[in-house]
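# Descriptive analysis of the structure
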Amino acid sequence: MHELQTIIADPQRVLVSDIPGAYLTDNLGRLKGVCEAVVFPVSTEEVSAVMKWAYTHSVPVTPRGAGTNLVGSTVPDRGGIVLDLSRMNRILELDRDTLTVTVEPGVLLSRLQSHVEEQGLFYPPDPGEKESSIGGNISTNAGGMRAVKYGVTRDYVRGLTAVLPNGEIITTGGKVVKDSSGLSLKHLLIGSEGTLAIITQCVLKLVPKPAFVLGALVPFASLKAGIDAVIRLIHENTGPTAMEFMERKVVELGEQYMNLHFPFPDAGAYILLSFDGASVEEVRARADKARHAALQNGALDFLLLEEKRVQDEVWRVRGALVKAVEAVSEQEPVDIVVPINKTAEFIAYANQVEQESGVQLISFGHAGDGNVHLCVVRGGRDAETWKRELHEVMSRIYGKSRELGGLTSGEHGIGLSKKPYFRKAADPGAVLAMRQIKLALDDRKILNRGKMFD
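Notes on the structure follow. (Residues numbered from 1 in each chain as written. Predicted model: local features only at pLDDT ≥ 70, side-chain atom pairs only at ≥ 80, totals over all residues. Heavy atoms only, no water.)

Looking now at the overall build of the chain. When helices and strands are tallied, the chain shows 15 helices and 18 strands. A compact globule built from 454 residues would reach a C-alpha radius of gyration of about 22 Å, and the chain, at 22 Å, matches this within 12%. Its C-alpha atoms give the chain principal-axis dimensions of roughly 65 × 60 × 45 Å. Sequence separation of 24 or more characterises 72% of the internal contacts of the chain that already satisfy a separation of 6 or more. Here the chain displays about 19,000 Å² of accessible surface, and carbon together with sulfur accounts for 51% of that area. (Helix = DSSP H or I, 4+ residues; strand = E, 2+ residues; numbered from the N terminus. Rg over C-alpha atoms; globule rule 2.2 N^0.38 Å. Contact = heavy atoms within 4.5 Å. Areas by Shrake-Rupley, 256 points an atom, 1.4 Å probe, with all protein chains shown as cover.)

Quick look at the sheet that holds strand 17 (residues 361–366) now. If you trace the seven strands from one edge of the open sheet to the other, you get 15-12-14-13-17-18-16, paired in antiparallel fashion. At either end of the open sheet lies a strand with only one pairing partner, and these are strand 15 (303–304) and strand 16 (331–334). Pairing of strand 13 (residues 242–247) with strand 17, which is carried by three bridges, proceeds in the antiparallel orientation. Counted as the bridge partner of Met 246 is Phe 364 from strand 17. Lying on the sheet, helix 9 (residues 280–296) is in contact with strand 12 (212–220), strand 14 (269–277) and strand 15; it crosses strand 14 at an angle near 155°. (Pairing = 2+ DSSP bridges. Axes fitted to C-alpha atoms, helices over the stretch in contact; angles between N-to-C directions.)

Another point: helix 3 (residues 109–117). Three or more residues of helix 3 are buried, namely Leu 109, Leu 112, Gln 113 and Val 116. End-on, the buried residues of helix 3 take up no more than an arc of 95°, which puts them together on one face. Against strand 5 (91–95), strand 6 (100–103), strand 7 (121–122), helix 4 (134–140) and strand 10 (198–205) lie the buried residues of helix 3. (Buried < 20%, exposed > 50% of the residue type's maximum accessible area, 1.4 Å probe, protein only. Arc of directions from axis to C-beta.)

Another aspect to go through is the environment of Ala 216. Looking at the secondary structure, you find Ala 216 in strand 12. Along the primary structure Ala 216 and Arg 435 are separated by 219 residues, whereas in three dimensions their C-alpha atoms are 45 Å apart. Beyond its immediate stretch of four places on either side in the chain, Ala 216 contacts Ile 271, Leu 272, Leu 273, Phe 275, Phe 302, Leu 303, Leu 304 and Leu 305.

A few words now on helix 15 (residues 428–441). A rise of 1.5 Å per residue sets the reference length of helix 15, with its 14 residues, at 20 Å; its end C-alpha atoms lie 20 Å apart and thus fit the reference within 8%. Near the N-terminus of helix 15, the side chain that reaches the backbone nitrogen of Gly 429, with its oxygen 2.9 Å away, is that of Asp 427. (Expected span 1.5 Å × (residues − 1). Polar contact = N/O pair within 3.5 Å; in protein donor to acceptor, adjacent residues only side chain to side chain.)

Turning next to the sheet that holds strand 1 (residues 14–15). Pairing within the open sheet is mixed, and its four strands lie in the order 1-2-4-3. Edge positions in the sheet fall to strand 1 and strand 3 (61–64), since each of these pairs with one other strand and no more. Pairing between strand 3 and strand 4 (residues 81–84): four bridges, direction parallel. For Pro 63, the partnering residue across the bridge sits in strand 4 and is Leu 83.

Quantified by volume, the second largest pocket comes out at close to 600 Å³. Along its surface, the second largest pocket is lined by 29 residues, and Gly 191, Ile 414, Phe 422, Met 434 and Met 452 are the ones closest to its centre. (1 Å grid on protein atoms, 1.4 Å probe; cavity = no way out; pocket = protein on both sides within 12 Å on 5 of 7 lines; lining within 4 Å. Points joined across faces, edges and corners; volume = space filled by probe spheres on them.)

Interpretation in functional terms is not warranted from these geometric data alone.
This is the structure in structure tokens:
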């Protein structure tokens, strides 16, 4: 491993001893690996040189960015090198004519969004973790609250520069809008969790920044009534930017954690909406259309969040739900996605599992795209009991999602922790094809080996 110090001359960018534990795990810190070196490249050429060395010596390489992953994708469970791309963090170019921005993979989402919005532009993908890196977002095809209107990360990647496991540098896509030029390698790399190549430069699509944003809180007697209304809101073409669902029991945790009070405390569930557009008139027209559709389809009320204090409190409670759970107990995050019209049925089943197993399940998520976030709460269980009961609960809920036509992950990826559930749910032929693609690009299986489908 000391040979790496001849490839990267800066001794502060190659660690071969006393490696901090943060580089051996993910954001949860529960799965831990080992490695012999951590390398901090600052250019595509350095990444290429490191990969050529690793390929020649068949040394495993685990890429990582900001380390916010939740499923073990950044855990070096096969040893070798951790390739930390966080210092490749330059915004290289903002091209107003093509509405693109070119960045390195270590740029943080929050910084990118702020940078382009200062220029009157907008990068719509909005995962909950704003301190995640763009390279990580692309590697997991991260989603977020605005997916119902704008789509997910995949929809905003125009071009990529990447380094293959053997060190070869490739480019795919570019600043163009259309591309029918051969196989779409760009889309193959998006969501591949660092198993096929290492992304070193990204060309991202931008849109004009919305001039006005308005939120609304809609209470319902039950979650089913709320989800049924959401489907009508979509069919009525009301164009919301975000559509979040929360059961009352979940909101209560957020209220206690934030010491805040939600409007409509007697509701059984809530749908939280957001609208944006080029003018106040456009946004208000959409909100008025949504109000009419919601009240015609079971809403108990429709509160426009025009007072900044109320709007801030409502969104702060929504944003604090995971932290509210973690303040009480360790929890396992789940991000199953089901067809939109099956969301309420899936949550009802999760509540049934909670009652039958005694394991607390906290659910909320994106009503407009069927992405359900579950927190499986450990409580006071010892390690052995928790491992057994967690697996039993996870097997049941993933099984139900398959039954409803859902998929294993909507946002977080597969990594290590979801691999057994993914393998059980996925089409065997599709998994075989994924492995064949992996071998075609990484014949020595050195790049993030053991993750996802491998």
